[in-house]
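Okay, here's what each chain looks like letter by letter:
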Amino acid sequence: MVESRIVKAQRNVIMALMQNILNLVLNLVSRIIFIRILDASYLGINGLFSDVLGVLSLADLGLGTAMMYSLYKPIADNDEKKINALVHFFKKIYLIIALVVLVLGLSLIPFLKYIVKLEKEVSNLEGYYVLALLNVVISYLFVYRTTLLAADQKSYIINKYTMIFKIIAFFGQIGVLLGTQNYFLYLLTALVVSFIGNVFQNAVAIRMYPYLKEKAVNLDNWEKVRIGRGVKATFIYKVSGTIQGNTDNILISIFVGTVYVGYFSNYSMVITAIVSFITLVFTSIKSSIGNMIASNNTSQEEKLFLFDVLEMINFWIIGFCSICLFCLLQDFIGSFIGKEYLLDITVVVVAILNFYTSNIRQTIWTFRETTGLFHETRYITTITAIINLFLSLILGYNWGMAGIIAATVIARMIYAWWKEPMILFHKFFHKSPRKYYLSYIKRMCLCMCVCAVTYKICNVISTKNIYVKLVSDMGVCCIVPNIIFYWCYFKTKEFQYIRERLIKPVIGKVYSRRTGSGK
């Protein structure tokens, strides 16, 4: 029996949730041990290298997105020859990309001294950088086959093995830190485990799709041109998105100091864990939406309603997470990392605004990538990125870290937040985006009001024990926002659909398992 899209999406989301909870726990424990053994300079270097290599990763030209979009139709048609041809075509490109990233990465070594700003010199900086670079290059050697699993609505398989190797890397790296206190061996351990994990997942993909071992036919020239057009459009997105998302730490290192990159990375660790979960949720359902659109069996009204449903789910998740971050993040960092690593509240507020204004567009991004509107929207992030870079230099020079992060928020609100929905609604839904804009503004105001109420209630609860305070505030954050959101939306058609298609089936499965086990 063929699994429904909803069943596959549920499985992918559950596994994504498990993976991100595991990532947060392991990253938190690893970071606590890391800063107890090595000083904050290494934490700053770690965060800075991540962003430098993130800039280099733009060399993949957004190929992963274009590859998934190209695979939706042949997967829906069960066209194994076409799938094999596409996978082998992308393999050649990824091998070239791996080489390009390696060469570009090595060419940046002489410039590291201008980017890294530390009070005391750290030896073997180039060696640390090369190990981090090789870890990025390795991923390009195997990703072309694992992307097929994601396009085939089987992201849960990738996530399962990713979790296993994450645990192996965690214990390996912690063992190295405790035994040797050597940062080089710490990075080397991560590199070795990453290589083994990629080889293993590649083998899993071959086992599940044995036709990948067969000789592939060449793609038609028109197909290559079509893919190339999509790649060019996603490349523009990749470059612009990298400028927006990966240059903040570089500018913080230059204007404020590399050690503050380490301080901010503690906050980024929590925010990134949440973003990763949200991204994996939407990535998990992206293939289901792509297959639905590719099958041509759904009306425009049904597609628009599905968009509205996902918008509600997205707002509920992003709004809830933003409120939790505002009420809990400072106490969380102070409790587990140390009060000496706390940043000014202004930095925290703009970081949360950056999180909200970026991730509230997850539904827009999902539909853009599954409908193939790469070409039409290719310059949106370019214009936003230029505005962002210009504002970051001005605000960063005058207001430091808070100014750099605020520049990203301001640039996004000036252009991207309204332009991208306009194109999606006009080109795909053939409707005015006015309803979307009004809904966006109303929901943002609602989120701020609910945040104020939740924060006020948290402040009413007084205790000298910071851990008791953190737990009590977590309880308030879990209850208050969800009750208010429920009261606002429980009568809507979108919520009724979510309850009937998602909530009730999950509750039914849990109940049937309990009653079955009790017999």
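Everything in this summary refers to the structure shown in the same document. (Residues numbered from 1 in each chain as written. Predicted model: local features only at pLDDT ≥ 70, side-chain atom pairs only at ≥ 80, totals over all residues. Heavy atoms only, no water.)

The subject of this paragraph is the overall build of the protein chain. In terms of helices and strands, the protein chain carries 19 helices and 0 strands. Burial statistics for the protein chain: of 519 residues in total, 53% are counted as buried. Sequence-distant contacts, at least 24 apart, represent 84% of the contacts inside the protein chain between residues at least 6 apart. With an accessible surface of roughly 24,500 Å², the protein chain has 66% of that area assigned to carbon and sulfur atoms. (Helix = DSSP H or I, 4+ residues; strand = E, 2+ residues; numbered from the N terminus. Buried < 20%, exposed > 50% of the residue type's maximum accessible area, 1.4 Å probe, protein only. Contact = heavy atoms within 4.5 Å. Areas by Shrake-Rupley, 256 points an atom, 1.4 Å probe, with all protein chains shown as cover.)

This part is about the nonpolar core. Membership of the largest hydrophobic core comes to 142 residues, with the highest contact counts inside it found for F34, L148 and Y183. Residue contributions to this core peak at 18 residues, all from helix α13 (residues 300-336). Once residues lying within four places of it in the same chain are set aside, the contact partners of L148 are L71, I75, I83, V87, Y209, Y211 and L212. (Core = buried A, V, L, I, M, F, W, Y, C linked by side-chain atoms within 4.5 Å.)

What follows concerns helix α8 (residues 155-180). Compared with an ideal rise of 1.5 Å per residue, which puts 26 residues at 38 Å, α8 spans 36 Å between its outermost C-alpha atoms and is within 8% of the ideal. Looking at the residues trailing α8, positive phi occurs at Q181, about 55°. (Expected span 1.5 Å × (residues − 1).)

Turning to the packing of aromatic side chains, a few remarks are in order. The full count for this structure, using the stated rule, is 40 aromatic pairs. Geometrically, the ring pair formed by W316 and F485 is edge-to-face, given 5.8 Å between the ring centres and 75° between the ring planes. Of this pair, W316 sits in helix α13 while F485 is found in helix α18 (residues 466-489), placing the two residues 169 residues apart along the sequence. Of the residues examined, F485 reaches a relative accessible area of 0% and is grouped as buried. (Phe/Tyr/Trp six-rings, centres within 6.5 Å; stacked < 30°, edge-to-face > 60°.)

What follows concerns the pattern of salt bridges. For side chains of opposite charge, pairing can occur when their charged atoms come near one another. According to the stated counting rule, one finds 6 salt bridges in the structure shown. Close ionic contact of D152 with K154 constitutes a salt bridge, the shortest N to O distance being 3.4 Å. Since its relative accessible area comes to 12%, D152 is described here as buried. Salt-bridge contacts for K469 lead to D473; the nearest nitrogen and oxygen are separated by 3.4 Å. Residue K469 and its partner D473 are both found in helix α18; the two are separated by 4 residues, about one turn of the helix. (Salt bridge = Lys/Arg side-chain N within 4 Å of Asp/Glu carboxyl O.)

Next up on the list: the packing of helix α7 (residues 143-151) against α8. Between α7 and α8, whose axes approach to 6 Å, the crossing angle comes to 125°. Viewed along their axes, α7 and α8 adopt a mutual orientation that is oblique. Each of T146, L149 and A150 in α7 lies in contact with α8, whose residues at this interface are S155, I157 and I158. Looking at the contact of α7 with α8 residue by residue, the classes come out as 4 nonpolar, 2 polar and no charged. (Axes fitted to C-alpha atoms, helices over the stretch in contact; angles between N-to-C directions. Parallel < 35°, antiparallel > 145°, perpendicular 65-115°, else oblique. Nonpolar A, V, L, I, M, F, W, Y, C, P; charged D, E, K, R; others polar.)

Here we come to the packing of helix α14 (residues 345-359) against helix α16 (residues 380-429). With their axes 9 Å apart at the nearest point, α14 and α16 run at an angle of 25° to one another. By the angle between their axes, α14 is roughly parallel relative to α16. Classified by chirality, the crossing of α16 by α14 is left-handed. Every residue of α16 that contacts α14 at T346, V347, V350, A351, L353, N354, T357 and S358 is listed here: M401, A402, I405, A406, T408, V409, R412 and M413. Here the residues of the contact of α14 with α16 sort into 10 nonpolar, 5 polar and 1 charged. (Left-handed = near helix turned anticlockwise from the far one by under 90°.)

So, about the environment of T247. Mapped onto the secondary structure, T247 falls in the loop between α10 (221-246) and α11 (248-255). The buried category is assigned to T247, whose relative accessible area is 15%.

As enumerated under the stated definition, the model contains 0 disulfides in all. Between C477, a cysteine without a disulfide, and C327, which holds the nearest cysteine sulfur, the sulfur-to-sulfur distance is 4.1 Å. Note on C477: relative accessible area 0%, which makes it buried. With no disulfide of its own, C478 lies 5.8 Å from the sulfur of C324, the closest cysteine sulfur. (Disulfide = S-S within 2.5 Å.)

On to the environment of Y437, then. Summarising the element assignment, Y437 is placed in helix α17 (residues 434-460). For the pair formed by Y437 and W418, sequence separation is 19 residues and the distance between their alpha carbons is 7.3 Å. Those residues in contact with Y437 that sit more than four places away from it in its chain are W417, W418, P421 and M422.

Here the focus is unusual backbone geometry. Of note, the phi angle at N124 is positive, near 60°, even though the residue is not glycine. Looking at the element boundaries, N124 is found in the loop between α5 (112-115) and α6 (125-140). We note that Q181 has phi near 55°; this positive angle belongs to a residue other than glycine. Within the element layout of this structure, Q181 appears in the loop between α8 and α9 (183-208).

Time to look at the side chain of Q201. Tracing the backbone through its elements, the reader meets Q201 in helix α9. What makes Q201 buried here is its relative accessible area of 13%.

A cluster of nonpolar side chains, I254, F255, V256, Y260, L389, L393 and Y397, forms an exposed patch at the surface whose accessible area comes to about 630 Å². Taken together, the elements giving at least two residues each to the nonpolar patch come down to α11 and α16. Broken down by element, the residue count for the nonpolar patch peaks at 3 residues, all from α16. Here Y397 is to be found in helix α16. Judged by relative accessible area, Y397 falls into the exposed class, the value being 64%. (Patch = residues over 30% accessible without salt bridge, like charges linked within 9 Å, V, L, I, M, F, W, Y side chains within 5 Å.)

Along the chain, T408 turns up in helix α16. When its relative accessible area of 1% is taken as the criterion, T408 is described as buried. There is a polar contact of 3.5 Å between the side chain of T408 and the side chain of D248. (Polar contact = N/O pair within 3.5 Å; in protein donor to acceptor, adjacent residues only side chain to side chain.)

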